[in-house]
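Topology and contacts: notes
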Amino acid sequence: MLRMKEAKHVTTQILWLFKERALIEEEYARKLFKLSKSFDGCDPEIGTMKEALQIVKNELEFSAKSHMNASVQFKSQLETPTHEFLTTQSGMRKNFHGIVDKQLKAKQASFESVNKSRARYISKCKEVNHLMHQKPGLPPKEMDK
C-alpha cells in the first residue's frame, strides 16, 4: 500500500512538472511574439540592413510559434496521458485497498471466532476437570453425562 501511495506521489510530481513546463513554454512564446510585433527596426533602414532586421523579426516569430507548438505538445502528448494514467492508478489503488480491507476484516472475524471457540473449549475442559475431581469414583458412562 505504501508503494502505491509513493507511486501516486511520483506521478503527481511528474504531472506537475509537465504542466509547469507547458506554462513556461506558452509564456515564453507569448513574450517572443510580443517582442517580434513591437520590433520596428526595419522601417527606417534600407537595403541589406532592412533585410537582416526583417529576418530577425521573422525568426522571433518563428521561435515564438515553435515554443507555442512545444507547449501544445507538452499538454497533448505528456500532460493528458499522464493525467489519465494517474486516474487509472488511483482506481487500481482503491480497488486493491478494498480487497485488502475485506481480507483484513475476514481475518479479524476468524481470529475472534477462534478466540471464542478457544475460550469455550477451555471452559469445558475446566468444567470436566472440576467434575472429575468432584466425583472421582464414577464409571465412564456416568461421567459422559
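The rules behind each value
- Here the residue numbers are simple positions, counted from 1 along each chain's written sequence.
- Reporting in this predicted model follows two pLDDT cut-offs: at least 70 for local features of residues, and 80 or more for side-chain atom pairs to be given and counted; totals over whole chains, interfaces and linings ignore these cut-offs and use all residues.
- Hydrogens and water molecules were not included; the side-chain quantities draw on all heavy atoms of the structure.
- Working definition: helices are DSSP H or I runs of at least four residues, strands are E runs of at least two. Numbering for both runs from the N terminus.
- A helix is expected to reach a length of 1.5 Å times the quantity of its residues less one.
- Bend, in this description, refers to the angle at a residue between axes fitted to the seven residues ending there and the seven starting there.
- Put simply, a salt bridge is a Lys or Arg side-chain nitrogen that is within 4 Å of an Asp or Glu carboxyl oxygen.

1. What to know about helix α2 (residues 48-134)
For α2, with 87 residues, the first-to-last C-alpha span of 124 Å sits near the 129 Å given by 1.5 Å per residue. Along α2, the sharpest change in direction is near 30 degrees and occurs at Glu79; proline Pro81 comes one to four residues later.

2. Side note on the pattern of salt bridges
One pass over the structure, following the stated rule, counts 6 salt bridges. Put simply, Arg21 and Glu25 hold a salt bridge, and the shortest N to O gap is 3.1 Å. Taken as a pair, Arg21 and Glu25 lie in helix α1 (residues 2-38) at a separation of 4 residues, close to a single helical turn. Note that Lys37 is salt-bridged to Glu61, the shortest N-O span being 3.7 Å. A residue pair is termed long-range when its members are at least 10 positions apart, and Lys37 in helix α1 and Glu61 in helix α2 qualify at 24 residues.

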